[in-house]
Structure formats: structure tokens, C-alpha cells
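# Fold and geometry: a report
As a plain string of letters, each chain reads:
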Amino acid sequence: MRTGILQKGCVYAMKKRILLAFGGCSTEYEVSLTSASAVLAAMDRSRYDILLLGISKEGQAFYFTGKEEKIAENTWQEADCFPATVSMSRGKPCLWVERGERLEKQDFDILFPVLHGKNGEDGSLQGLCEMAGIPVAGCGMESSVIGMDKVLAHTLVALAGIRVPKSVVLREFSEYGHKRGEIEALGLPVFVKPVRAGSSFGISRVVRAEDMEKALREAFRHDAQVVVEEAIEGFEVGCAVMGNAEPFAGRVDEIELSQGFFDYEEKYTLKTSAIHMPARVAAEDEERIRKSAVTIYQTLGCRGFTRVDMFFTKEKEIVFNEINTIPGFTAHSRFPSMMRGVGMEFTEVINRILELAWEEQNCGREQE
Ligand SMILES: Nc1ncnc2c1ncn2[C@@H]1O[C@H](COP(=O)(O)OP(=O)(O)O)[C@@H](O)[C@H]1O
Ligand SMILES: [Mg+2]
């Protein structure tokens, strides 16, 4: 077998079997189908054999052997789907596939979750991988859990000395009664958000006090905890970060809004907003933003890759917003374009992500 030498003397067998998971029991199921199709189109087939694990919106897992185009069309469940389970036992990672009466075993080397939001990006799948000793692309269980929880992430990042928006957390709607004063002290507008969600689901920008109750109810439909945040004036910037022990940052991008905020529709249509890559900031400000992104990445214990989102104020202050441990992954998505900005093409980004997963699990423990 051809081998490649990576940092720290880790030996990486060149042809690996990748179990690529797509779909997911999450409101971001459709987003995952788009990301997964783009990842599949860019993957280097001379280095990787791909097995597909499709997860329906209801959370059923299938080994999918049909045409890859069916993923983007969301017709993959029509045929060539076999119920499947990832083994939780340690040893060679494997998938058990039900083929009628017969159980078939499919070995693989690395699990690549191209899943967004709940049950994929939130640490649950990563926990299963940790238990089974499966190399998993991207963040591990702990940082995935923290990254999904906007309040937990803010608390830890604030401890690292980076500003976060002032906020009030509600653990049930009835707390609104006695927390009303604290919420009013944040001023207006405020952002009302489910603590654990993504793609702007359940988020409202509240400008008038009389709209607060409706916004809270909407956010509580998406999660059992809701956070009300002061609005940060300025614009949102993102920075792609990759690596395990020695993370490095890509370029910084900027979201230009002409109205409202970066809601679900804007994220996927860019009707009234624009993304500038690189961000229109001075070189020294971009450097500060990149440094903060790496500090945030390390503070939250990230590995593999993460997109760190921050606000940049008129006073040139950096304010943390959130991290996305599995950011959007189409060829035109923000993460790949920020990496392209430092000379790394999409295919290379994917190769590196898979190598990092392998190194994390195997370096120092196994030589092939
Ligand atoms: N505190 C805030 N100040 C200003 N804008 C905000 C604030 N929080 C969120 N937003 C706006 O709402 C969008 C979605 O919020 P975000 O916390 O990033 O949630 P999601 O995980 O759904 O992307 C952001 O991209 C930004 O436009
Ligand atoms: Mg966001």
C-alpha cells in the first residue's frame, strides 16, 4: 500500500475507506444534502473509497448504494437503501448492513459527518465515535456540544478575555415574568435565539417591546432554552480555522447586510445581503480577527475544522458570535472560500480534514 508521511511521523495509508454521513434528524437536513453532494463531487477518489450513510429526517440510518446525484435531489431513499448501524464496539470501525435476512459487514477507516445541527453537529454522533474509537472528521464530542450551545460557548470565550454580547438566558417561557427587567436593560433591538439551533431557525430580531413575547415563543419551539442578546452594531465576520494541536486560520470574510439580519432565506439566497471574501477591513484588523478566531478555536477545544463567527464593530472591537463545527460545505460556501484565500482548494481542504481525523485517532498509537 502507498503511504504518505504526515507531521509527527504519523504514517497515513493513502487509500482509505470513508463513511460519509449525510441528511440527519435535524431541521438542517436539506442543507446537509447540498453540502454532502458538493463534498462528494470534490473528493479525491484516488485516495478515498466512499461508503454512504444516509440518515433520514426521521433519524433512520441507511447504507446507500445508489447514484450520488440522488442525494442533491433528495430522492436517495427511493431505492438502494439498506438499514444500517455503526458498530459501537472498539476494533476496526464497521457498519452493519441489513440485506434482507443477511447481515453484511462493511469496514471503514474514517467517519465524515457532513451533517448540520442536531444529531450530527451537536456531539451526539461524535460521542458514539469516541466510544467506539472511530476516527471522526472535525470536532470531537466535547467541542461539538459546546459549539452547539450558544450560552456555554459565550461563557467560555468570555473567560478567555474576548467580548461576547450581553445576554439573558431563559430556561422556560414563564421566566419571562421575573426576567423582564433584565431583558429590558439590554435595550432594543435584541436578538432572541434558541440556545441550540442553526441556520437562523427560531431567531428573531426584536425592535419593539410588544414583539418580545411572540419572539420568545417562537424560539422556545426550537429548544428548551432561549437566549436574549443585545444587538451588536457593526458587521459579522467569519474565519475558517483548521488543525489539531497547531491550528491555522484561513482568510476572513464579511457579511454585508442591507436590511434585517442573516436569516435562513438570506443565508441560502443572498437576496439583499452579500458576502465579501476577503473582508473589507485593514490588514492589521484581519490579523487580529484571525488571531481571535484561533484563540476561540483553542479555548473551545476544537480540532479538525471550524468556522468562527464574530462581529466587528465601528470601534474595531471583535465580539464573538458563535462557532459552526460543521459549517456549510458547498464549493461556494464560506469555509472553502476562506481556505481558498490562503491557497487551499476544496479538494485539498477535504483531504486535510480527513488526514487530521486520522492523525488525531492514530498518531503515536498505530503504524501501518
Ligand atoms: N447579538 C447579535 N447582534 C447582531 N446581530 C446578531 C446577533 N446575534 C445574531 N445576529 C444575527 O443573526 C444571525 C443568526 O444568528 P446566529 O447566532 O449566528 O445563529 P445561527 O446559528 O442560526 O447562525 C447572525 O448571522 C446575525 O446576522
Ligand atoms: Mg450564524
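Refer to the structure above for everything that follows.
Residues numbered from 1 in each chain as written. Chains lettered and ligands numbered in written order. Predicted model: local features only at pLDDT ≥ 70, side-chain atom pairs only at ≥ 80, totals over all residues.

### With respect to the overall build of the chain
- Check the secondary structure of the chain and you find eleven helices and 18 strands.
- Counting only C-alpha atoms and orienting by the principal axes, one finds that the chain spans roughly 60 × 45 × 35 Å.
- Taken over 368 residues, the chain has a buried fraction of 42%.
- Excluding contacts between residues fewer than 6 apart, the proportion of contacts in the chain whose partners are at least 24 apart in sequence is 64%. (Helix = DSSP H or I, 4+ residues; strand = E, 2+ residues; numbered from the N terminus. Buried ≥ 20, exposed ≤ 12 C-beta atoms within 10 Å, placed from the backbone. Contact = placed C-beta atoms within 7 Å.)

### Some thoughts on the pairing of strand β18 (residues 318–324)
- Most of β18 sits inside the fold, with six of its seven residues counted as buried.
- Direction of pairing for strand β17 (residues 304–312) relative to β18: antiparallel, over a ladder of six bridges. When the bridges of β18 are listed, R307 appears paired with N324.
- Remark: five residues form the turn of the hairpin made by β17 and β18, two consecutive strands paired antiparallel; K316 in that turn has positive phi of roughly 65°. (Pairing = 2+ DSSP bridges.)

### Topic: the nonpolar core
- The biggest cluster of nonpolar side chains holds 73 residues, and the ones touching the most others in it are L20, A21, L53, F112 and C239.
- Counting residues per element, this core draws most heavily on helix α11 (residues 346–362), which supplies seven residues.
- Built from parts of two domains, this core gets at least three residues from each of domain 1 (3–137) and domain 2 (147–163 + 232–325).
- When residues no more than four places from it in sequence are discounted, the contact partners of A21 are L53, I55, L111, F112, P113, V114 and L115.
- Formed by 14 residues, the second largest nonpolar core is a distinct cluster that contains V195, V206, A215 and A219. (Core = buried A, V, L, I, M, F, W, Y, C linked by C-beta atoms within 7 Å. Domains from an automatic or database assignment.)

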